[in-house]
Structures are given as structure tokens and as C-alpha cells.
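Close look at the chain arrangement
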Amino acid sequence: MPLIWWIHTYAPNAQQTDEQRQLSLAFERVPQLIQIKARGYLRVATLVSPTIYVPDDHHPQGLEYDLVTRFAEQLGLPVRFIQAKDIDDAYALVAHNQADFAAAGLVVNPDREAEFRYGPSYLSVRRQLIYRTGSNRPKGLQDLGDATLAVEAGSSSQNWLSQQTKTQGLLNPSPSADDLGQATEDLPDSHYAIRVQVEPSGLRTLEALEQGKVDYAIVLSHQALLGQKMSDKIRVATDLGPPVSFAWAFSRLADRSLYDEALVFFNKLRQSGELRTLIDRHYAQFEQLDQKLAQNFLSDVENRISPYLSAFKAAGKKYQIDWRLLAAMAYQESKWQPNAESHKGAYGMMQITPPTAQSIGLNNPGNPTENIMAAAKYLNQLRDQVNDNAPEPDRTYLAMAAYNIGIGHLNDAITLTTQQGGNPDRWRDIRARLLQLSEPAVYRKLKAGFAQGEQTVQYVENIRALHDLLIWVELHRDQTESARAQETQQISN
């Protein structure tokens, strides 16, 4: 029986390389989870992207960051994130046992399942064909002709496109490298009638379309939504195929010890509702974001934020608040206008009312540096009034809601949440109750009475989205500078 089990579990494979055979033997001798615990930390391959992983000395974030850190806590281990260059590199790090698994916004890819074991699906999205304003809206790939189409390198969409060009008869029997716009070896299949431009990331794919380098692109639906918010030049044409699922990728050379722990982890996360909360935290805020607001914000980031950067960073450091969140709040409050004044008397960059200014010692609200620092101080005070059990970033989101609507109305929403069986420490649950504060049957029974809770919900959701857009701007700038540096190095060599 042990021999039969071993043959089925570690069946010899004539196609394996020496490295793969050695790895299989190593995992046979010592299970992967025991190796990891002996090492003392978890190694995870990931990609830098606003919704995946954002490295930061004080406020790292992203859906994969939140999921992986919780998984590491379950294992009782710290985690080290390994930043992959692209999707192919993320898989390669796992294949060569330089990472224990990949958590990089990876879509389950049938073409890779012989080499990788996918964990449970934690998010479903759609593959979409997008086009640039001014181009004809296609109904499908067959309408593109020989137009240029961008796709992310190494992605499941690239493999899917290769298969579709074969099954839909979109083959060009003998294209040249010049026809394709790049070397044919850069493509998974060199026989596209459609001209394919492979981009290193999803963000660069959107950028290629926005700048008119291509007429069409294939991206995932959450990327398409972000692209539409950022640019009025990006439109969604149609869905392509059935929904696709995100999952972590583990090496099939390894035993199942770590993989089985991941199964338990995601089962607990789903049953507790925490998975829904995390997905909401990183994706929901873009749904209702006004496109004009987003585009004006991105323009003003380039042209107007620089005089106030040092003030945002100083206030953020002093009160342990992400400075980008303070900047997003200031934009929502005043569009970064230091002399802005509301009809209620709120004044300055952060729209602080006279009573609040007096209570926190703000003597010169027209000074943007003082105004920003005072707002951070006040937000921190509100955060201290929120239940200690509320985790971050929910606690800060609740404090922002109180900044807008008042702590009394927030407490009413918290009371409602508890009475209705929701979680009073979660923004997602309290958000739904804030909407009830304008209903007569509800607010007449509350201590603080009527409030326009829907405006507060939009206020917080806008700030969350603008905060993430600011992160995107920083990542985009860093990636662009890195690409230029590499080009300069290649030219000099």
C-alpha cells in the first residue's frame, strides 16, 4: 500500500528536468509546510498593482496583501512578499521553489494546470474586450480585422486569445514580425491575423489604449472599470467568454500540506463573511465613483497637489494616517482650495467648522499646512472614539464618516447595525445603515435624528476611490521611471 500511494502521489515523469525531480524528492522527504516552518517565514510571489499588492513602509495594502497576511497569521508565520516582474515570472518563482505560492491576481488558467495546483477561487470577474473612443465598437474578435489589440503578457487572456484565433479562424498563414509589430517569439502563437501588442501589465495595457497606441485591448472587468474611471477614451465593447476566477497558484511538485492549509483558510474566510468584506474594501468604491470627479482628480494630481505634499505627509506621519488618504479627503472637501468656504461656515483645505477649529486649537484655518494638520488631529480623535474592536482600515473609514456626518449620527448607525444583526465594527455593514438615517420610520427613534446618510456614504466611498487612484498614479510613475531607466541603460550598453 505505501508503494502504491507513493507511485500515485509522486509518479515519475519522464518529462521532468533534473531540477524538478530533485524538488519532488525534497518534498517527498520533508513536506512543504514543515520546510516553511523550519525556515521561519512564508515566501509569496506577487505583483505590484493597486488592487493586488502595494508595498509601503507604513501602509502596505491590496487584496492579495490582506489575504496573504491573514493566511500567514493562521500558520503563525511572518511573510515575505517577492515582487515578480510579470505574470510569467510569478509562476516561475513558484516553479523553481523560490516562492511557496503565487498570490498575484492570477486567473485560473487551464494551460498551466499540469504544472500548478490552483487554490479555491476567491473572486470572479469577466474577460472584456475594450476599445478606444473613435474606433468602431466591435461585437467580438471577428470584427477587429487586422487592428492592433493589446493584451497583458503571460495572462490567461493571452492564452485564451491564442486559442480563440485558432477556433474562430482568425489565422494569418504567414505573418511577418513587421506585420505583428514585434518579434513573433514574444507571442504565445505567431499566427494572428489580429495584430497583437503584448504589454507587461494590466495598467500598461490600459495606458496603451488610452494613448492611442492600440485600438482595442483585452482586460479583466475590474481593470476595465478602473480604466473607464480614469479616461473618457476607454469603452467596454463586450464580455469575452464565461466569467473567470482568481486563485493562488501552488507547485504540483510539492505535496499538499501547504495547499490543504489554504483550503481550510479560505473555507473559514468565506464562512465568516470576511472574504466579502475584503473584496468590498478593494473593489466596491469604484462602482459609484463619478467619472468626471476621477478625471479631474487625476489632472489635479499632476498640476496642483505638489505645494501641499509635504503638509499631507507630515500630518500623516504624526497621526499614523496614510497621507494619500488625507490628500483624498482634502480633494473631496475642497478640491485642494486653501480658501474654500461652505455655506455652513466650514473653511479651508479640509473644511473645518468654527466649533471644531476652536476645540482642536486651529487658529489660522486659511493656512493649508495648519488646516491639514488640524484635520488629521481631529480625524485621529474621531478614530479614538470608534470601538477599539474595529480593525483597520474600517476604523478610519468610520472616523471619516463621523468627520462628515458627526459622531452622534455615526453612533446611531452603529446602534442600528447592532440591532439588525450586522457587524458594528465593519464599514460595509454600517454603510448600509447610514442610508436608513433619512427614513422617517427609522430616524424618529434615534438619538441624533434625521441625517442625509447617503451623502456620507458617497463621501467615504469617493475618498476610498480617490485614495486608490492616487496609489495608481504613484505606481504608474514608478513603473514609467523604471522603464525609462532600463531603456537608458540598454542604450548606454
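In this report, the structure presented in the accompanying data block is examined. Nothing here was measured: the structure is a model prediction, and the numbers come from that model.

**A look at the side chain of Lys229**
Structurally, the position occupied by Lys229 is in helix H9 (residues 221-230). If we ignore the near neighbours within four places in the chain, the residues touching Lys229 are Phe286, Glu287, Leu289, Gln291, Ala294 and Gln295.

**Quick notes on the side chain of Ser221**
Note that Ser221 resides in helix H9. Note on Ser221: relative accessible area 12%, which makes it buried. Excluding its chain neighbours within four sequence positions, the residues that come into contact with Ser221 are Val125, Arg126 and Gln128.

**Section: the packing of aromatic side chains**
Applying the stated criterion to the full structure yields 20 aromatic pairs. Three or more aromatic residues link up through ring pairs in this structure, and these residues are Phe71, Phe101, Tyr122, Phe246, Trp248, Phe250, Tyr259, Phe265 and Phe266. In this structure, Arg39 packs its charged tip against the face of Tyr41, placed 5.6 Å from the ring centre. In this structure, Arg117 packs its charged tip against the face of Tyr259, placed 5.5 Å from the ring centre.

**Section: the packing of helix H17 (residues 394-405) against helix H19 (residues 427-434)**
At a minimum axis separation of 10 Å, H17 and H19 run at an interaxial angle of 25°. Put simply, H17 runs roughly parallel to H19. Listed contacts from H19 to Asp394, Tyr397, Leu398, Ala401 and Ile405 of H17 are Trp427, Ile430 and Leu434. Here the contact of H17 with H19 is composed, by residue class, of seven nonpolar, no polar and one charged.

Conventions adopted
- Here, residues in each chain are numbered from 1, in the same order as that chain's written sequence.
- Thresholds applied to this predicted model are a pLDDT of at least 70 for local features of residues and 80 or more for the giving and counting of side-chain atom pairs; totals over whole chains, interfaces and linings are not thresholded and use all residues.
- Just so you know, side-chain values use all the structure's heavy atoms and leave hydrogens and water out.
- The way it works is that DSSP assigns letters per residue, a run of H or I at least four long becomes a helix, a run of E at least two long becomes a strand, and they are numbered from the N terminus.
- Any pair of residues with heavy atoms lying within 4.5 Å of one another is described as a contacting pair.
- We call a residue buried when its accessible area falls under 20% of the maximum for its residue type, exposed when it is over 50%, and partly exposed in between, using a 1.4 Å probe and counting protein chains only.
- In this scheme Phe, Tyr and Trp rings, the latter by its six-membered ring, pair at centre separations within 6.5 Å, and the angle between planes marks the pair as stacked below 30 degrees, edge-to-face above 60, and tilted otherwise.
- Distance and angle both matter: a charge sits over a ring if NZ of Lys or CZ of Arg is within 6 Å of the ring centre and within 35 degrees of the ring normal.
- Here, axes are lines fitted to C-alpha atoms. For helices the fit covers the stretch in contact, and angles between N-to-C directions go from 0 to 180 degrees.
- Oblique is the label for every angle not falling under 35 degrees (roughly parallel), over 145 degrees (roughly antiparallel), or within 65 to 115 degrees (roughly perpendicular).
- Note on residue classes: Ala, Val, Leu, Ile, Met, Phe, Trp, Tyr, Cys and Pro are nonpolar, Asp, Glu, Lys and Arg are charged, and everything else, Gly too, is polar.

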